[in-house]
Amino acid sequence: MSTQSYLPIARPKIGDEEIEAVGQVLRSGWLTQGAWVKRFETEFAARHEVPFALATTSCTTALHLALASLDVGPGDEVIVPAFTWIATANVVVHCGARPVLVDVEPDTYNIDVRDVARKLSGKTKAVMPVHLFGLCADMDALAAVLPSSVRVVEDAACAAGAAWHGRPAGALADMGCFSFHPRKSVTCGEGGMLTIRDPALARRAEMLRNHGAVIAEEARARAPKPYELPDFAEAGFNYRMTDLQAAVGVHQLRQLDAFIEARETLAALYDTALAELQWLSPPLRPAHARHSLQAYVVRVGAEAPVSRDDMLARLHEAGIGARPGTHSIADLSVYQKRFGLRPDHVPVSSALARETLALPLHNHMGPADVERVIGVLRGME
């Protein structure tokens, strides 16, 4: 291992404002979902140009809440891209439905709309495109192949602040789901957000988030008889974010665009340096899309001097955090055993799982850090 300081793949940037806000929550005595959560939801909805946003415990629970609100259940199919984090498929299983895997495009890493068209069936209830690593999927092309009965839920876990032809992620479909995990552009430790355009869906999702109660906990606390227990219209979940998390999230969100701009500067340095390493393909960043750059993921070509896994090992030895892009769900034993999936069912996804490499990219980095990464990659030739 290198004697230089370790350069992690991601590191959240937390300032005094976030720390002070958490202190305010602790001193207030109200720690669960309350005024800070409402503020976070309101500001997130405004930033992403949607009428409703509901904070949750994670993007995974936001995805589950979205499908539950759409009554996805046994006998239904939900189309998901294979090249994604396992949570995208898991929430379908947790609803009792069947995930139908489609392949992805080799250059964008996002859902292949042609494969979606081939795998639509009378059982298709929803499609969940993933805006992988912060690049929005082609939502216009997707809408063109879907019947009006099929609902669309954006898995925008990586895409806070991203946009497609000027329209923000989370406002491109029926619902959108975001993550605030520490590897994301903005964080509150763990947490998620569900964006919704339809008021009836928003009311139902809000109720399901809080055990199915007909009145939210903070509203009951302000009611004339706060000691009375509410009625429960459905068997819901406890997917509520705490005010502790939301206080951090509010101040992180206010820095989102500045964070992305700084990442764009670092990504441009990577792009320029990688032009001389023709066996590494930089991430596609088309002019009509704003890539939120949650991660900087390159593809290792067949002509590379060493394998992707050897690159990971050498970067680690040099004190540089790097990771595979993500996995292909068809490669994972739980889905192979349960649904009989094989890597050759989604060949592009399986190839990308073997060939993609996420390089360090976060808001504590500077040009010297990028040059350090590039120097180690040059040394592999």
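See above for the structure.
Reading the values: the criteria
Residues numbered from 1 in each chain as written. Predicted model: local features only at pLDDT ≥ 70, side-chain atom pairs only at ≥ 80, totals over all residues. Heavy atoms only, no water. Axes fitted to C-alpha atoms, helices over the stretch in contact; angles between N-to-C directions. Helix = DSSP H or I, 4+ residues; strand = E, 2+ residues; numbered from the N terminus. Parallel < 35°, antiparallel > 145°, perpendicular 65-115°, else oblique. Left-handed = near helix turned anticlockwise from the far one by under 90°. Contact = heavy atoms within 4.5 Å. Nonpolar A, V, L, I, M, F, W, Y, C, P; charged D, E, K, R; others polar. Core = buried A, V, L, I, M, F, W, Y, C linked by side-chain atoms within 4.5 Å. Buried < 20%, exposed > 50% of the residue type's maximum accessible area, 1.4 Å probe, protein only. Pairing = 2+ DSSP bridges. Polar contact = N/O pair within 3.5 Å; in protein donor to acceptor, adjacent residues only side chain to side chain. Salt bridge = Lys/Arg side-chain N within 4 Å of Asp/Glu carboxyl O. Arc of directions from axis to C-beta.

### As for the packing of helix H3 (residues 59–69) against helix H7 (residues 199–209)
So, step 1. At their nearest, the axes of H3 and H7 sit 9 Å apart, and the two run at 125 degrees to each other. The orientation of H3 relative to H7 falls into the category oblique. In terms of crossing hand, the pair formed by H3 and H7 is right-handed. Contact residues: H3 offers Leu65, Ala68 and Ser69, while H7 offers Leu201, Arg204, Ala205, Leu208 and Arg209.
So, step 2. Of the residues contributing to the contact of H3 with H7, the split by class is 5 nonpolar, 1 polar and 2 charged.

### Focus: the nonpolar core
So, step 1. The biggest cluster of nonpolar side chains holds 49 residues, and the ones touching the most others in it are Phe40, Phe180, Met193 and Met241.
So, step 2. Counting only elements with at least two residues in this core, the list comes to helix H1 (16–28), helix H2 (35–47), strand E1 (52–56), strand E3 (98–102), helix H5 (113–119), helix H6 (139–145), helix H9 (243–253) and helix H10 (256–274).
So, step 3. The residues touching Phe180, leaving out its near neighbours within four places in the chain, are Phe40, Phe44, Val186, Thr187, Cys188, Gly189, Glu190, Gly191, Gly192, Met193 and Met241.
So, step 4. Within the second largest apolar cluster, 41 residues are counted, among which are Ala126, Leu208, Ala330 and Phe339.

### Notes on the sheet that holds strand E14 (residues 356–359)
So, step 1. The sheet built from 4 strands is open, its strands ordered E10-E12-E14-E13 with antiparallel pairing. The open sheet has two edge strands, strand E10 (280–281) and strand E13 (323–324), and neither has a second partner.
So, step 2. Here strand E12 (residues 296–300) pairs with E14 via 4 bridges, running antiparallel. What sits directly across from Val297, in E14, is Ala358.

### Overview of the side chain of Glu41
So, step 1. Structurally, the position occupied by Glu41 is in helix H2.
So, step 2. For Glu41, a relative accessible area of 7% corresponds to the buried category.
So, step 3. At 2.9 Å, the side chain of Glu41 forms a polar contact with the backbone nitrogen of Ala55.
So, step 4. If we ignore the near neighbours within four places in the chain, the residues touching Glu41 are Ala53, Leu54, Ala55, Met193 and Arg209.

### What to know about the sheet that holds E3
So, step 1. The strand order across the open sheet formed by 7 strands is E1-E9-E8-E5-E4-E2-E3, and the pairing between neighbours is mixed. Where the open sheet ends on each side, the last strands, each with one partner, are E1 and E3. Taken over all neighbouring pairs, the strand axes of this sheet differ in orientation by 25 degrees on average, direction set aside.

### Let's talk about the pairing of E1
So, step 1. Within E1, 4 of the 5 residues are buried, which leaves it mostly tucked inside the rest of the structure.
So, step 2. Both E1 and strand E9 (residues 192–196) contribute to a ladder of 5 bridges, which runs antiparallel. In the strand pairing of E9, Phe52 is matched with Ile196.

### Some remarks on the pattern of salt bridges
Charged atoms that come close allow side chains of opposite charge to pair.
So, step 1. Scanning all chains against the criterion turns up 21 salt bridges.
So, step 2. In this structure, Lys125 engages Asp76 in a salt bridge whose closest nitrogen and oxygen atoms are separated by 3.5 Å. Of this pair, Lys125 sits in strand E4 (residues 124–127) while Asp76 sits in the loop between H3 and strand E2 (77–81), placing them 49 residues apart in sequence.
So, step 3. The residue Arg285 makes a salt bridge to Asp271 at a minimum N-O spacing of 2.3 Å.

### Observations regarding helix H11 (residues 308–317)
So, step 1. For H11, every residue scored as buried is listed here: Arg308, Met311, Leu312 and Leu315. Taken down its axis, H11 places every buried residue within 100 degrees of arc, on the same side.
So, step 2. In this fold, the buried residues of H11 make contact with E10, E12, E13, helix H13 (347–355), E14 and helix H14 (367–378).
So, step 3. Two residues or fewer past H11, Gly319 is found with a positive phi of approximately 80 degrees.

### Here we look at the packing of H2 against H9
So, step 1. Relative to each other, H2 and H9 sit at 35 degrees, their axes nearing to 8 Å. The chirality of how H2 crosses H9 is left-handed. Across from Ala35, Trp36, Val37, Arg39, Phe40, Glu43, Phe44 and Arg47 in H2, the residues of H9 making contact are Asp243, Ala246, Ala247, Gly249, Val250, His251 and Leu253.

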